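# Breakdown of the fold
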Amino acid sequence: MSNRIPESEALRFLKERDNFLIYTHNSPDGDTVGSAMALVMGLRSMGKRATACNREGVPERLAFLPYSAYFTPCPEDVSDYTLVSVDVASPKMLSLPEAEYTFALSIDHHKVNTIGCERLYLRDEYIAAGEIIFELLKGLGVALTAELALPLYTAICSDSGGFRYQATRPETMGYAAELMATGIDFAGVCRLLFESKSPSQIAAEKLGYQKLELHFGGRFALVAVTEEELRAAGSSEEDTEVLNQIPRQIAGVQMSAVIKPKGNLVKCSFRSSEDIDVAALSQTQNGGGHYHAAGFSKENATVAEVRDLVLSMVEGVLL
Ligand SMILES: [Mn+2]
């Protein structure tokens, strides 16, 4: 039986419940953090208790969001809370013990959602979870202030790559316009998300260009980096977000992959264009994501082994 609910039920749930604890995904990005922050703000403005958390902490590059007033360390005893997850598609995107929780409500926009939850409000045609939160807060009658607009704009801008990715909808631009009109520094958000890089991120980017490979007549581009290479370059795992932009920007590339270490795993992130469904491809390796942006992780594998695997997977798609 499906636990999917319509917006009306999600709204009723948020109106009726209290003492919300809102979980965001590991390797937190602007969408999960901005969405959770805005939801906390909105619920508090209705006189409810709400707080957000992330086991790994919010990264330094999102420090322009005043998140610390809305995020707390993950509590050990959650029995009194209404557990909600935002932008979390699977237990793999959480740490223990959260990965084993049954959330009262999961709000998400990934194509496939396998999280343990009683209710799932999923809009997989939306480019960002921030769009769902924007609509829910409107539905709850929460006034759109500049304070609320900043994390929402960050969420939507982040997952849409600055309103450039294919899943950006006319409605997305409409929401952005309403958020801009509150007077937020929207140009500053874009600059801090996409144009401001630390020296160690630049070092990772330089390494990425050195390791760039083209395959299948230039239709597939790949960057694979090891922990040792990152360390030698003067960067680390936390700096590797910038790598995703490198292979996908080459003219003629229809599909790209970045393979990199992630804790004791090796992670592969795919990007694609047109009718190439990388979410389905990633599912064959127990991964997931969106139609044009998805990935999977492997335990007990080297970067070289995952690179070989990826090349054989892509061969089936592009040949
Ligand atoms: Mn997202």
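## Section: the coordination of the manganese ion
Protein ligation of the manganese ion involves D31 (OD), D87 (OD), D87 (OD), H109 (NE2) and D159 (OD), the donor distances falling in the range 2.1 to 2.7 Å. Ordering the donors of the manganese ion by residue number gives the pattern D-x55-D-x21-H-x49-D. Taken as a pair, D31 in helix α2 (residues 30-45) and D159 in helix α4 (residues 146-159) lie far apart in primary sequence, 128 residues in all. Taking the relative accessible area as the measure of exposure, D31 reaches 0% and is therefore buried.

## Side note on the pairing of strand β8 (residues 220-224)
A large share of β8 lies buried, amounting to five of its five residues. Burial along β8 is two-sided: F220, L222 and A224 and A221 and V223, pointing in opposite directions, are all buried. One ladder, built from four bridges, connects strand β7 (residues 212-215) with β8; its direction is antiparallel. Bridge pairing in β8 links H215 to F220. Connecting β7 to the next strand, β8, in antiparallel fashion are four residues, including F216 with a positive phi near 50°. Sheet topology note: the β8/strand β9 (residues 255-262) ladder contains five bridges and is parallel. Bridge pairing links V223 to V258 in β9.

## Let's talk about helix α11 (residues 303-318)
Spanning 16 residues, α11 covers 22 Å between terminal C-alpha atoms, matching the ideal 22 Å at 1.5 Å per step. Taken together, the buried positions of α11 are V303, V306, V310, L311, M313, V314 and L318.

## Focus: the packing of aromatic side chains
Using the criterion set out here, one finds 10 aromatic pairs in the structure. A ring pair is formed by Y67 and F71, whose centres lie 6.2 Å apart and whose planes are at 85°; its orientation type is edge-to-face. The exposure class assigned to Y67 is partly exposed, which follows from its relative accessible area of 23%. On the accessibility criterion, F71 (11% relative accessible area) is buried.

## Here we look at the sheet that holds strand β10 (residues 265-272)
Sheet strands pair via backbone hydrogen bonds, and the direction of the pair is either parallel or antiparallel. What the six strands build is an open sheet, ordered β7-β8-β9-β10-β12-β11; its pairing is mixed. Whereas interior strands pair on both sides, the edge strands pair on one side only; in this sheet they are β7 and β11 (288-289). Pairing analysis gives two bridges linking β11 to strand β12 (residues 293-299), with the strands arranged antiparallel. Within β12, the position partnered with G289 by the bridge is A294.

## With respect to the sheet that holds strand β3 (residues 71-72)
The strand order across the open sheet formed by six strands is β3-β2-β1-β4-β5-β6, and the pairing between neighbours is parallel. Two strands in the sheet have a free side with no partner beyond their single neighbour: β3 and β6 (120-122). Across four bridges, the pairing between strand β1 (residues 20-23) and strand β4 (residues 82-86) is parallel. Bridge pairing links L21 to L83 in β4. α2 rests against β1, β2 (50-53), β3, β4 and β5 (105-108) of the sheet, and its axis sits at about 165° to β2.

## Structural notes on the pattern of salt bridges
Counted under the stated rule, the structure contains 15 salt bridges. For E125, the salt bridge identified is with R123, shortest N-O distance 3.1 Å. Judged by its relative accessible area of 24%, R123 falls in the partly exposed class. In this structure, E171 engages R169 in a salt bridge whose closest nitrogen and oxygen atoms are separated by 3.8 Å. Overall, E171 belongs to the partly exposed group, its relative accessible area being 40%. Among the residues examined, R169 registers a relative accessible area of 15% and is labelled buried. Through salt bridges with shared partners, a single ionic network connects R55, E76 and E98.

## Overview of the side chain of N26
Position of N26 among the secondary structure elements: in the loop between β1 and α2. Looking at N26, its side chain comes within polar contact range of the side chain of S95, at 3.1 Å.

## What to know about helix α7 (residues 199-210)
Counted at 1.5 Å a residue, the expected span for α7 with its 12 residues is 16 Å, and the 17 Å between its end C-alpha atoms agrees. Buried within α7 we find Q201, A203, A204, E205, L207 and G208. Residues of α7 that are buried make contact with β7, β8, α8 (227-233) and α9 (245-248).

## Quick word on the packing of helix α3 (residues 129-139) against α4
The geometry of α3 relative to α4 is characterised by a closest axis approach of 8 Å and an angle of 145° between their N-to-C directions. Across from G130, E131, I133, F134 and L137 in α3, the residues of α4 making contact are L148, L152, A155 and I156. Looking at side-chain class alone, the contact of α3 with α4 contains seven nonpolar, one polar and one charged residues.

## Brief notes about the domain arrangement of the protein chain
One can read the domain layout of the protein chain as domain 1 (7-193) and domain 2 (199-318). When each unit is reduced to the centre of its C-alpha atoms, the spacing between domain 1 and domain 2 is 26 Å. Between domain 1 and domain 2, roughly 980 Å² of surface is buried when both sides are summed, and carbon and sulfur atoms account for 41% of that area. Ranking the residues of domain 1 by area buried against domain 2 places K111, Y165 and Q166 at the top, with a combined share of 44%. The tally of links between domain 1 and domain 2 comes to two salt bridges. A salt bridge links K111 to D277; its shortest N-O distance comes to 2.8 Å.

Here is what the cut-offs are and how they apply
Residues numbered from 1 in each chain as written. Predicted model: local features only at pLDDT ≥ 70, side-chain atom pairs only at ≥ 80, totals over all residues. Heavy atoms only, no water. Donors = N, O, S within 2.8 Å, 3.2 Å for Na, K, Ca; no water. Helix = DSSP H or I, 4+ residues; strand = E, 2+ residues; numbered from the N terminus. Buried < 20%, exposed > 50% of the residue type's maximum accessible area, 1.4 Å probe, protein only. Pairing = 2+ DSSP bridges. Expected span 1.5 Å × (residues − 1). Phe/Tyr/Trp six-rings, centres within 6.5 Å; stacked < 30°, edge-to-face > 60°. Contact = heavy atoms within 4.5 Å. Axes fitted to C-alpha atoms, helices over the stretch in contact; angles between N-to-C directions. Salt bridge = Lys/Arg side-chain N within 4 Å of Asp/Glu carboxyl O. Polar contact = N/O pair within 3.5 Å; in protein donor to acceptor, adjacent residues only side chain to side chain. Nonpolar A, V, L, I, M, F, W, Y, C, P; charged D, E, K, R; others polar. Domains from an automatic or database assignment. Buried area = accessible area lost by both parts, 1.4 Å probe.

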